[in-house]
Amino acid sequence: MDAINTNNLNNKAHVLFSGGKDSSLSAIILNNLGYDIELVTINFGVLDSYIHAQNTAKILNYSHKVISLDSEILEKSVDIILNDGFPSNGIQYIHKETLNIISDDFEVIADGTRRDDRVPKLSHAEVQSLEMRKDIQYITPLMGFGHKTLRNLVNSYFEISEKESEELLKSDYETEIRAVLRSRGENPLDYFPKHIQSRVIGLKKR
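What you see is a predicted model; the values in this text were computed from it and never measured.

Here is what the cut-offs are and how they apply
- Residues numbered from 1 in each chain as written.
- Predicted model: local features only at pLDDT ≥ 70, side-chain atom pairs only at ≥ 80, totals over all residues.
- Heavy atoms only, no water.
- Axes fitted to C-alpha atoms, helices over the stretch in contact; angles between N-to-C directions.
- Helix = DSSP H or I, 4+ residues; strand = E, 2+ residues; numbered from the N terminus.
- Parallel < 35°, antiparallel > 145°, perpendicular 65-115°, else oblique.
- Contact = heavy atoms within 4.5 Å.
- Nonpolar A, V, L, I, M, F, W, Y, C, P; charged D, E, K, R; others polar.
- Expected span 1.5 Å × (residues − 1).
- Buried < 20%, exposed > 50% of the residue type's maximum accessible area, 1.4 Å probe, protein only.
- Phe/Tyr/Trp six-rings, centres within 6.5 Å; stacked < 30°, edge-to-face > 60°.
- Salt bridge = Lys/Arg side-chain N within 4 Å of Asp/Glu carboxyl O.

For the pair helix 1 (residues 21-32) and helix 6 (residues 147-157), interaxial distance at closest approach is 11 Å and the crossing angle is 80 degrees. The pairing of helix 1 with helix 6 is recorded here as roughly perpendicular in orientation. Where helix 1 abuts helix 6, its residues Lys 21, Leu 25, Ile 28 and Asn 32 lie against Leu 150, Leu 153, Val 154 and Tyr 157. Among the residues making up the contact of helix 1 with helix 6, the classes are represented as 6 nonpolar, 1 polar and 1 charged.

Structure (structure tokens):
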């Protein structure tokens, strides 16, 4: 089998990065396919939550940048969550806005969206629209893997910390959304059900 000619690739992939296992695994898969990886963390200026992603990026030894977006996007997502009484549409809104904005600057964008995810996740039609409108490549390396396969891959590559979402800070949308909810006198647990979050804290030798 012939080796991949990486000269034929648009070789720089910008991976939306929270410091969690899914975005970390996506970065490793794309790197193994020949892409030059730059991790990208979105921050809205409410918290310095990007620090957690910075620490994981150092562990993975990939270039990392923080992109500051307008806090109005975050505030509108919280408005949607408060109106709905649940977080999915608000998170979907913030993810679509993020992709729409950063696609003006990056030609290859990737994230850790999984096959079993409900949000944030673009439909096939939305992916096609984004790629055609912005003339970019949008890659979701984990879409072909089920839960059991992803668990095995994560366990083979990473040391992870897992805790309740209120106890483990990450560099994802949810962390700053929770902070805004608190600032408005709301309890995030009234909108986000308890669930386990994970963050990569070490890289296993292979």
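End to end, helix 1 covers 16 Å across 12 residues, agreeing with the expected 16 Å (1.5 Å per residue, within 8%). All buried positions along helix 1 are accounted for by Asp 22, Ser 23, Ser 24, Leu 25, Ser 26, Ala 27, Ile 28 and Leu 30.

Another point: the packing of aromatic side chains. Enumeration according to the criterion identifies 1 aromatic pair in this entry. Geometrically, the ring pair formed by Tyr 157 and Phe 158 is tilted, given 6.0 Å between the ring centres and 40 degrees between the ring planes.

One pass over the full model with this rule turns up 8 salt bridges. Notably, a salt bridge pairs Arg 114 with Asp 22, separated by 3.5 Å at the nearest N-O pair. Here Asp 22 lies in helix 1 and Arg 114 lies in the loop between strand 4 (108-110) and helix 5 (124-134), a separation of 92 residues in the sequence. The exposure class assigned to Arg 114 is partly exposed, which follows from its relative accessible area of 24%.

Distances and angles like these do not, on their own, reveal function.
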